[in-house]
Amino acid sequence: MRLTDYFLPTLRENPKEAEIVSHTLMLRAGMVRQETAGIYSWLPLGFNVMKKIEQIVREEQNRAGFVEILMPTIQPADLWKSSGRYEDYGKEMLRIRDRHDREMLYGPTNEEMITEISKMGVRSYRDLPTRLYHIQWKFRDEVRPRFGVMRGREFLMKDAYSIDIDKEAARRSYYRQFIAYLRTFERMGLKAIPMAADSGPIGGDMSHEFVILADTGESAVFCDRDLVDMPVPADDIGYDDDLEAVAAAWTSKYAATDEKHDEAKFVADVPEERRVSARGIEVGHIFYFGTKYSDAMGASVQNADGKATPFEMGSYGIGVSRLVAGIIEANHDEAGIIWPESVAPFHVGLINLKVGDSETDEACNAFYQNLENAGVDVLYDDTDERAGGKFKNMDLIGLPWQLIVGPRGIKSGEVEVKNRASGERFNLSPDAALNMLTSRK
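Below is a summary of the structure that appears in this document. (Residues numbered from 1 in each chain as written. Predicted model: local features only at pLDDT ≥ 70, side-chain atom pairs only at ≥ 80, totals over all residues. Heavy atoms only, no water.)

Attention now goes to the overall build of the chain. Looking only at helices and strands, the chain has 14 helices and 23 strands in total. A compact globule built from 441 residues would reach a C-alpha radius of gyration of about 22 Å, and the chain, at 24 Å, matches this within 12%. Along the longest, intermediate and shortest principal axes, the C-alpha atoms of the chain span 80 × 60 × 40 Å. Taken over 441 residues, the chain has a buried fraction of 53%. The contacts in the chain between residues at least 6 apart in sequence include a share of 72% that link residues at least 24 apart. (Helix = DSSP H or I, 4+ residues; strand = E, 2+ residues; numbered from the N terminus. Rg over C-alpha atoms; globule rule 2.2 N^0.38 Å. Buried < 20%, exposed > 50% of the residue type's maximum accessible area, 1.4 Å probe, protein only. Contact = heavy atoms within 4.5 Å.)

Encoded structure:
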């Protein structure tokens, strides 16, 4: 993509309304625009990152054996009344009426709808397990939306649901997602620690939040330092293995959000040199809530003995749009964002230091075409901005690699390649630079 054809409204100064780093950098990098409190338009750069995150989430959900569907944003209130949550959910639920005066709501989550879908489609224990997910916009009317997309009112979320015949099978589904989440966040360059958590309005008696440590985190978290360095399960561990035993490496060590923290247990279980007390950002949350919704909504299935038994259920959420901010909180410096390669909006920023110079233009055009032909996402700064402004802009938007081409280098047969994360710079021949950048695809 040529920058002259792109829409990238960057800002030179920090916006006054931004309270945390990710909010500041997302506004400065032209990723989002606030339309009203807690509601944002996603501009091309931000939308590109969000789609990369969404695709990783999708691939790992598919790998774990969950099947994608799509449920609507608007739900009938009767569904929520049947579960008893319509009044209980509180003012965070946006309640509306259609032209026929029917009560509707903008869905904050989908437990009721998935229960109804499964109730109609699952007849026998032979139809189970049923494992479904979708990636859809949600709305929660936060009393105080803040921190940009970190705590917005409208947000993109992956929510998955498992329907099983008994508790043992339901726990297997739960630990499928436990392992899938560890793998998902690792692919995004994040170290997410699963922590015992409160179930909140979702309900249930088993719940884990996946938390990344960050100074600007919303809540206090407490864990064993061993978890910070714990490797995710190797790829040769399959989803039909005993995943609860695999997850025991995490669940057997102390890790809790402030709602579930037990200071006496923390001190007793964790040696002082391994105790971590920090701030954390929640990037995912999984719940096993048994028959809470199936009992309330009359959702049952015939078991092997021919008796009706209520569904055993779990739900599993990842805030896709929230992750954009979470990744920035974990990956930035004073100059701007530092994107992990897996979610970067472009992999290479091509900088033409002298637009209008025939040899430099020719070299940049060749690089641009060759990188695109090799399947490398490249943003070509072909504007007439001064060199200093181009460097600052590229550092701000945080692309993993910068390829810098100018007339002096062309004459000596060299171009410069910069790694955004490490700051390392390499003077290479054009062919070597091209080979280096295409080999990382």
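Before going further, it helps to examine the sheet that holds strand β23 (residues 425-428). One open sheet holds the 5 strands; their spatial order is β20-β19-β21-β22-β23, and the pairing between them is mixed. Edge positions in the open sheet fall to β20 (378-381) and β23, since each of these has one partner strand only. Strand-to-strand twist in this sheet, taken as the mean axis angle between neighbours without regard to direction, amounts to 20°. Relative to β20, strand β19 (residues 348-352) runs parallel, the two sharing 4 bridges. (Pairing = 2+ DSSP bridges. Axes fitted to C-alpha atoms, helices over the stretch in contact; angles between N-to-C directions.)

Right, let's talk about the sheet that holds strand β4 (residues 74-76) for a bit. Pairing is antiparallel in the open sheet, where 3 strands are placed in the order β4-β6-β5. Since the sheet does not close on itself, it has two edges, and those belong to β4 and β5 (94-97), each with one partner. With strand direction ignored, the average angle separating the axes of adjacent strands in the sheet is 35°. The pairing of β5 with strand β6 (residues 103-106) spans 4 bridges and is classified as antiparallel. By the bridge assignment for β6, R95 is matched with L105.

This brings us to helix α1 (residues 21-28). For α1, the buried fraction is high: 7 of the 8 residues fall into the buried class. Within the span of α1, buried status applies to S22, H23, T24, L25, M26, L27 and R28. Those residues of α1 that are buried lie in contact with β1 (32-36), β2 (39-42), α10 (320-330), β17 (332-333), β18 (336-337) and α12 (387-397).

Per the counting criterion, the structure on display carries 34 salt bridges. Notably, a salt bridge pairs R33 with E35, separated by 2.5 Å at the nearest N-O pair. Residue class for R33 comes out partly exposed when judged on its relative accessible area of 47%. On the accessibility criterion, E35 (41% relative accessible area) is partly exposed. R274 serves as the salt-bridge partner of D226, at 3.4 Å between the closest nitrogen and oxygen. Of this pair, D226 sits in the loop between β11 (219-224) and α7 (243-251) while R274 is found in the loop between α8 (263-269) and β13 (275-290), placing the two residues 48 residues apart along the sequence. (Salt bridge = Lys/Arg side-chain N within 4 Å of Asp/Glu carboxyl O.)

This brings us to the environment of S207. Mapping S207 onto the fold places it in strand β10 (residues 206-213). Along the sequence, S207 and F289 sit 82 residues apart, while their C-alpha atoms lie 8.6 Å from each other. Engagement of the side chain of S207 in a polar contact is seen with the side chain of H285, the distance being 2.6 Å. Looking at S207, its side chain comes within polar contact range of the main-chain oxygen of I286, at 3.3 Å. (Polar contact = N/O pair within 3.5 Å; in protein donor to acceptor, adjacent residues only side chain to side chain.)

Turning our eyes to something else, we now look at the pairing of strand β7 (residues 130-139). The element β7 is largely enclosed, with a buried count of 9 among its 10 residues. Judged from the 2 bridges that link them, strand β3 (residues 67-68) and β7 form a sheet pairing that is parallel. Paired with V67 across the bridge in β7 is L132. Bridge count between β7 and strand β8 (residues 154-164): 10 bridges; the pairing is antiparallel. Note that in β8 the partner of F139 across the bridge is E154.

All quantities given are derived from atomic positions and should not be read as evidence of function.
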